[in-house]
Amino acid sequence: KADGAWARIFGDKFSQRATSAALLPGSFGTIAVAGTFEGTMTLSSGYSLNSTGNTNIFVAKMSQDGTIFDLNGYGDTENQNQVSVAASPDGSLVLGGQFRGNITFDTKNVSSPAGANSIYIAEFDSSGTCQWAKAVAKGQDFFGGLTNIASDSKGNIVFTGIFSGGSIDIDNNAINSTGTNLNMF
């Protein structure tokens, strides 16, 4: 529906990318937006983040008119990329993406093996507190990451991704690349 449509531009001279959005249930028009940023990212007065190194992750919540009312950033000096967010019917958010190094979501820490790409999933309750976080996939020599995530009313989570070169271990299930082109999982 185009009635009440709006558009905003956010960011500065550094790279900031919104890579995923989810409509929050029970609150007409409220959305969560997730993505990556470098440098300083200011979305509105009082809502700024500073990257702790390379590319970090952000999650913002905004009202139906685009007003920011919550903003959080996560990451370390390594790269965090390919972020996807989904909303569950109970108002919780599920966040997933690719990372190297360590990420702390509130008090929940996930780590990748030294020099390895990994995929994380984290769940936040409706108030924005991280309930759990887990590195669900890792590989020493793969390129790729999570591309999409979804959650249902029973709390089941499904995610998809891409990888090439080498193998990837997804929750103790090793899969091997079929060549040099991108493979999906």
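See the structure above.
Quick summary incoming for the structure in this document. Because the structure is predicted, anything quoted here is derived from the model rather than measured.

1. Details of the overall build of the protein chain
Counting secondary structure elements, the protein chain contains 0 helices and 17 strands. A compact globule built from 185 residues should have a C-alpha radius of gyration of about 16 Å, and the protein chain, at 16 Å, falls within 12% of that. Each of the three principal axes of the protein chain carries a C-alpha extent, and together these read 45 × 40 × 35 Å. Relative to its full complement of 185 residues, the protein chain shows a buried share of 43%. Accessible surface for the protein chain amounts to roughly 9400 Å². Of this, 50% is attributable to carbon and sulfur atoms. Within the protein chain, the 15 negative side-chain charges are centred at a point lying 2 Å from the centre of the 10 positive side-chain charges.

2. Section: the pairing of strand β5 (residues 56–62)
Within β5, 7 of the 7 residues are buried, leaving the element largely enclosed by the surrounding structure. Here β5 shows two buried faces, one formed by N56, F58, A60 and M62 and the other by I57, V59 and K61. Judged from the 7 bridges that link them, strand β2 (residues 31–37) and β5 form a sheet pairing that is antiparallel. The partner of A34 across the bridge, within β5, is V59. Pairing geometry for β5 and strand β6 (residues 68–74), over 6 bridges, is antiparallel. Residue pairing for β6: F58 is matched across the bridge by G73. Between β5 and β6, which follow one another and run antiparallel, lie 5 residues, and G66 among them has a positive phi close to 90°.

3. A look at the packing of aromatic side chains
One pass over the full model with this rule turns up 6 aromatic pairs. Their ring planes at 40° and their centres at 5.3 Å tell us that F105 and Y120 sit as a pair that is tilted. Here Y120 lies in strand β11 (residues 117–124) and F105 lies in strand β9 (residues 102–105), a separation of 15 residues in the sequence. Both residues of the pair, F105 and Y120, count as buried.

4. Here we look at the sheet that holds β2
If you trace the 4 strands from one edge of the open sheet to the other, you get β1-β2-β5-β6, paired in antiparallel fashion. Edge positions in the sheet fall to β1 (16–23) and β6, since each has one partner strand and no second. Taken over all neighbouring pairs, the strand axes of this sheet differ in orientation by 20° on average, direction set aside.

Procedures and definitions
- Numbering of residues starts from 1 in every chain and runs along the sequence as written.
- At least 70 in pLDDT is required for a residue's local features to be given in this predicted model, at least 80 for side-chain atom pairs to be given and counted, and no such filter applies to totals for whole chains, interfaces and linings, which use all residues.
- Side-chain numbers here rest on the full set of heavy atoms in the structure, without hydrogens or water.
- Secondary structure elements are defined from DSSP: runs of H or I of at least 4 residues count as helices, runs of E of at least 2 residues count as strands, and each element is numbered from the N terminus.
- Both definitions apply: the radius of gyration is a C-alpha atom measure, and the globule rule equals 2.2 Å times residues to the power 0.38.
- Exposure categories follow from relative accessible area, calculated using a 1.4 Å probe and restricted to protein chains: below 20% of the type maximum is buried, above 50% is exposed, and the middle band is partly exposed.
- Areas reported as accessible are Shrake-Rupley estimates using a 1.4 Å probe. Residue values count occlusion only from the protein chains shown.
- The positive count covers Lys and Arg only, the negative count covers Asp and Glu only, and His and the chain ends enter neither.
- The atoms used to mark charge sites are NZ of Lys, CZ of Arg, CG of Asp and CD of Glu.
- Here, strands pair whenever DSSP counts at least two bridges between them.
- Stacked, tilted and edge-to-face are the three classes applied to pairs of Phe, Tyr and Trp rings, where Trp contributes its six-membered ring and a pair requires centres within 6.5 Å; stacked means planes under 30 degrees apart, edge-to-face means over 60, and tilted covers the rest.
- Axis lines are fitted to C-alpha atoms, over the contacting stretch for helices. Their N-to-C directions set the angle, which ranges from 0 to 180 degrees.

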